[in-house]
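Structure at a glance
The primary structure of each chain is shown beneath.
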Amino acid sequence: MDGGGGGGGCCPTMDLMRSEPMHLVQLIIPIESAHRTVSYLGDLGLLQFKDLNADKSPFQRTYANQIKKCGEMARKLRFIKEQMGKADLLPSTKPATPTIELDYLEIKLEEIEAELIEVNANNERLQRSYSELKEYMLVLQKAGESFYSAQSSAAAQQREIEAQYTNDGSIDSPLLLEQEMMTEPSKQVKLGFVSGLVPKEKSMAFERILFRATRGNMFLKQIPIEEPVTDPVSGEQVEKNVFIVFYSGERAKAKTLKICEAFGANRYPFMEDIGKQMHMIDEVTRKLSELKTTIDMGLLHRNSLLRKISEQFEEWDLLVRMEKSIYHTLNMLSIDVTRKCLVAEGWSPIYAANQIQDALRRATIDSNSQVGSIFQILHTKEMPPTYFRINKFTSAFQEIVDAYGVARYQEANPGVYTIVTFPFLFAIMFGDWGHGLCLLLATLYYIIKEKKLSSQKLGDITEMTFGGRYVIMMMALFSIYTGLVYNEFFSVTFNLFGPSAYACRDASCGDASTAGLIKVRDAYPFGLDPIWHGSRSELPFLNSLKMKMSILIGVAQMNLGIVLSYFNALFFRNGLNVWYQFIPQLIFLNSLFGYLSVLIIVKWCTGSKADLYHVMIYMFLSPTDELGENQLFVGQRELQLVLLLLALVSVPWMLLPKPFLERKQHQERLQGQAYTALRSDDIDSIEMDANHDSHGHEEFEFSEVFVHQLIHTIEFVLGAVSNTASYLRLWALSLAHSELSSVFYEKVLLLAWGFNNVFILIIGIIVFLFATVGVLLVMETLSAFLHALRLHWVEFQNKFYEGDGYKFYPFSFTSLGEDE
């Protein structure tokens, strides 16, 4: 369920704001209705069971034998699915609902497996015989064509060797003839031969080894086969040669046979008489025809069996996986032998209490149990799991947050703001409405084909892209918006709202600078005037616009993070964090960078030429000096002195009060002065902190608390500066994207157009398309995505987000995956 799926509710953002209120429940279930109860709870999918038998191994648990039986059935199903894959059959994709009993399915699967194994064994045996006969036929055909010429050559070679030995009995004579040719002529051995097939890749080595082993006392004839043949042993298609080896003597025969065996050469008998050869060819042809008919009938029977199975395979597979998950869950329950019941504990949303009790009642009735199940709520200080009711649109945004860390129970969820801020920050870096349209068209394909693709097994990259289709859609829409603001379409500007609002003052002005331009008509109602893309003032203007916009957005998002930390502290009733951390953080950040944001807005509104770099630098170096032409409003110097003083005061404010107040509270607890009557509403709002239970028992170390607070203070002060600077990556990547797009357009497309050659123009268009898709739509998209991810994880979420919770994983049949 992705941390608790389910419907999105009437308002998805409200469901995402904080995790659902949870409670720990206990179920006391009679043994006779336990299986059906867990099954109904699996259909409901709103209860996360706790393992009450964590100290037992899997083999020591009550239902180990049932799980073993389900595992064996799952193995048989995998075997059947493998057989269906070999037969190019797919299981039925119709929604499956188990309608058979597990015991009947166990018997059925055992019969099917035995039948399939027998059919496969028979088919394998027949296929091997068929392949052997095919090879034998090739030997008869190919060897018969050249047998007599090869035999004559072998006899001539033997007579030559015999004559050489008779005339010259030197030590250089073939060693294999020493004993046999020294005997009487009547006892000499005639020529023998061996025929068969050898793999073509081994044929050269085969010939070389034969020659060396027999000292040349052999004659080898090889005839290549045009098409690969099926090897009887491996069953694979192999390119082979038909061979005939002529030898003389028993030793040569023995060595030849061993070499044939070593090289995997299949030997087949061959008759010298041509009449017997023709008879054997007819016999082999008849047997091949009979075997082919038998094999086809066997395959037809197997395919018919598998086709019937494919219609019910999903139902059987679902039943086995459901039963296995039920018994796994039952093994997590503790057994009360005296009461003949099972005790379960688990987390569930508060709103699901009635649904769970209804499932318990139905299970009791359907199992004909005389005793009903008991449902009761347990009070605990243990931190519950985090459960957000998400849908297919919000799930991908929530995954972006969960990749950093799962929200603590009831902690403010960044996923709500990520739905808007993440695609918007991406779009600032990727602002081009032409590129945004390309992204939108690509993601619309995934959205339109959503039902079809969700039921298919996709590759890793495709599956990741499909899962984030709505994130990409939002990124594309925001990119179109910011691209219209920048007035960029593949780096080309358009007069979207008519001609430019500015024109040259006189003929000498040309297009040199903004100093020579005057306003002649109403300004563009939306987006950047195209005149700024055609003048040499373009780069400084875009630099100023995008850099200042990045600072404004960064400061606003960091302020949002601090405000959320305030609401978190209020929710968890941590007053120290509210007054001695939130307020000084807010003062420090806005005394410096909030003030800079105000100056940027004032400068935009007044059209002042004040140097904001100079203002901010000398605010620290010379705070009492006159501002001169950099003054934007009356009383600016005095305001800067107050803000600088507040920033300096906020640092010890963050550091000192909290450690001293914690020490004071610890001393009061030890003296029993801080204990008051506990209200009933306090029980449900106890702070979910891992170390909460030990505050009153551990020794308070002031130095440790002080150092810890010092680290936090330094981290925030330095982080306020570095995080603000990090948001400038919005400006940097936006300019880089724009410049890359301009380079591809001007140096590739326009340059190819200028040659007035169709061939060069086509090449230019192809290069431009590949560069646009590969660099701008893939690499730049990934780069902007990763930078937006970093701005959320580091610069935004570290202000308020702990992310040390754990997901709510209810027992649910809808989330069943493939068995390991």
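Residues numbered from 1 in each chain as written. Predicted model: local features only at pLDDT ≥ 70, side-chain atom pairs only at ≥ 80, totals over all residues. Heavy atoms only, no water.

1. Describing the overall build of the chain
What counts, and what does not: Each helix is a run of DSSP H or I of at least 4 residues and each strand a run of E of at least 2, with the numbering of both proceeding from the N terminus. Burial classes: relative accessible area under 20% of the type maximum marks a residue as buried, over 50% as exposed, and values in between as partly exposed (1.4 Å probe, protein chains only). Contact between two residues is taken to exist if any of their heavy atoms lie within 4.5 Å; hydrogens are not considered. Surface accessibility in these figures is a Shrake-Rupley result with a 1.4 Å probe; residues are shielded only by whichever protein chains are displayed.
Along the backbone of the chain there are 23 helices and 13 strands. The buried share of the chain, reckoned over its 820 residues, is 44%. Intrachain contacts of the chain at a sequence separation of at least 6 include 81% that bridge at least 24 residues. Accessible surface, the chain as shown: approximately 44,200 Å² in total, 59% of it carbon and sulfur.

2. Here we look at a nonpolar patch on the surface
Stated precisely, the cut-off is as follows: Patch construction takes residues with relative accessible area above 30% that form no salt bridge. Like charges are linked within 9 Å, and nonpolar side chains (Val, Leu, Ile, Met, Phe, Trp, Tyr) are linked within 5 Å. Salt-bridge detection follows one rule: a side-chain nitrogen of Lys or Arg within 4 Å of a carboxyl oxygen of Asp or Glu.
The grouping of Leu751, Phe755, Phe759, Ile760, Ile763 and Val767 at the surface amounts to a nonpolar patch, some 580 Å² of accessible area in total. With four residues, the top contributor of residues to the nonpolar patch is helix α23 (residues 758-796). Secondary-structure assignment places isoleucine 760 in helix α23.

3. A word on the sheet that holds strand β7 (residues 240-248)
What counts, and what does not: In this analysis, strands are considered paired if DSSP registers two or more bridges between them. A fitted line through C-alpha atoms serves as each axis, taken over the contacting stretch for helices, and the angle formed by two N-to-C directions is quoted from 0 to 180°.
The strand order across the open sheet formed by four strands is β4-β7-β3-β8, and the pairing between neighbours is antiparallel. Each end of this open sheet is capped by a strand with a single partner; those strands are β4 (218-224) and β8 (266-268). Sheet twist, expressed as the mean angle between neighbouring strand axes with direction ignored, is 25 degrees. As paired elements, strand β3 (residues 191-199) and β7 share nine bridges and run antiparallel to each other. Opposite valine 194, over in β7, you have valine 245 as the bridge partner. Contacting β3, β4 and β7, helix α5 (residues 203-213) runs over the sheet at an angle of about 170 degrees to β4.

4. Brief notes about the environment of asparagine 331
Take asparagine 331: it is sitting in the loop between α7 (274-330) and β9 (334-336). Placed 269 residues apart in sequence, asparagine 331 and threonine 62 show a C-alpha to C-alpha distance of 6.2 Å. Residue contacts for asparagine 331: discarding those within four places in its chain leaves Asp51, Asn53, Arg61, Thr62, Tyr63, Ala64 and Ile67.

5. A closer look at the packing of aromatic side chains
To keep things clear, this is the line we draw: Only Phe, Tyr and Trp rings take part, Trp by its six-membered ring, and two of them pair if their centres are within 6.5 Å. Stacked means planes under 30 degrees apart, edge-to-face means over 60, and tilted covers everything else. Cation placement over rings: the criterion is NZ of Lys or CZ of Arg within 6 Å of the ring centroid and within 35° of the ring normal.
Enumeration according to the criterion identifies 32 aromatic pairs in this entry. Measuring from ring centre to ring centre gives 5.4 Å for phenylalanine 811 and phenylalanine 813, while their planes differ by 75 degrees; the resulting arrangement is edge-to-face. This pair shows no difference in class: phenylalanine 811 is buried, exactly as phenylalanine 813 is. Ring pairing ties together the aromatic residues Tyr404, Tyr417, Trp793, Phe796, Phe800 and Tyr801, which thus form one cluster. One cation-aromatic arrangement involves arginine 469 over phenylalanine 466; the distance from NZ or CZ to the ring centre is 4.2 Å. Sitting over the face of the ring of phenylalanine 702, arginine 663 holds its NZ or CZ atom 4.7 Å from the ring centroid.

6. Quick notes on the UniProt feature "transmembrane region" (unreviewed entry) in the chain
Here is the rule we go by: UniProt positions are given in the numbering used here, feature names are shortened, and annotations may be inferred rather than shown by experiment.
Feature annotation in UniProt assigns "transmembrane region" (unreviewed entry) to the following positions: residues 424-448, 469-486, 549-570, 582-602, 639-656 and 758-779. Split by type, residues 469-486 is 100% helix and 0% strand. Its first and last C-alpha atoms lie 25 Å apart. As a span, residues 639-656 carries 94% helix and 0% strand, and end to end its C-alpha atoms are 26 Å apart.

7. A few points about a positive patch on the surface
We count it as follows: Within this scheme the basic residues Lys and Arg register as positive and the acidic residues Asp and Glu register as negative, but His and the chain ends are omitted. Charge coordinates come from a single atom per side chain, which is NZ of Lys, CZ of Arg, CG of Asp or CD of Glu.
A grouping of Arg215, Arg251, Lys255 and Lys258 is seen on the molecular surface, where their side chains present a positively charged patch. Tracing the sequence through the fold places lysine 258 in helix α6 (residues 250-262). Assessed through its relative accessible area of 62%, lysine 258 is described here as exposed.

8. Here we look at the packing of helix α22 (residues 729-753) against α23
In a pair of packed helices, the angle between the axes and the distance between the axes together describe the arrangement. Short version of the rule: Any angle that falls under 35 degrees is termed roughly parallel, while one over 145 is termed roughly antiparallel, one within 65 to 115 roughly perpendicular, and all others oblique. Gly falls in the polar group here, along with every residue not listed as nonpolar (Ala, Val, Leu, Ile, Met, Phe, Trp, Tyr, Cys, Pro) or charged (Asp, Glu, Lys, Arg).
The N-to-C vectors of α22 and α23 enclose an angle of 175 degrees; their axes lie 9 Å apart at closest approach. Here α23 runs roughly antiparallel to α22, going by the angle between their axes. Across the contact of α22 with α23, the residue classes tally to 19 nonpolar, five polar and three charged.

9. Points about the pairing of β3
Counting buried positions along β3 yields eight of nine residues, so the element is predominantly enclosed. In terms of strand pairing, β3 meets β8 through three bridges, oriented antiparallel. When the sheet's bridge partners are listed, serine 195 is paired in β8 with tyrosine 268.

10. Section: the nonpolar core
Basically, it comes down to this: By convention a nonpolar core is built from buried Ala, Val, Leu, Ile, Met, Phe, Trp, Tyr and Cys residues, the set being connected through side-chain atoms within 4.5 Å.
Grouped together as the largest cluster of nonpolar side chains are 72 residues, with contacts concentrated most on Phe588 and Leu730. Setting aside its immediate chain neighbours within four residues, leucine 730 contacts Leu425, Ile428, Met429, Ser550, Ile553 and Leu791. One finds Val25, Leu41, Leu333 and Ala344 within the second-largest nonpolar core, a separate group that totals 57 residues.

11. Things to note about the side chain of threonine 772
Note that threonine 772 resides in helix α23. With residues up to four places along the chain from it excluded, the contact list for threonine 772 reads His435, Phe490 and Leu777.

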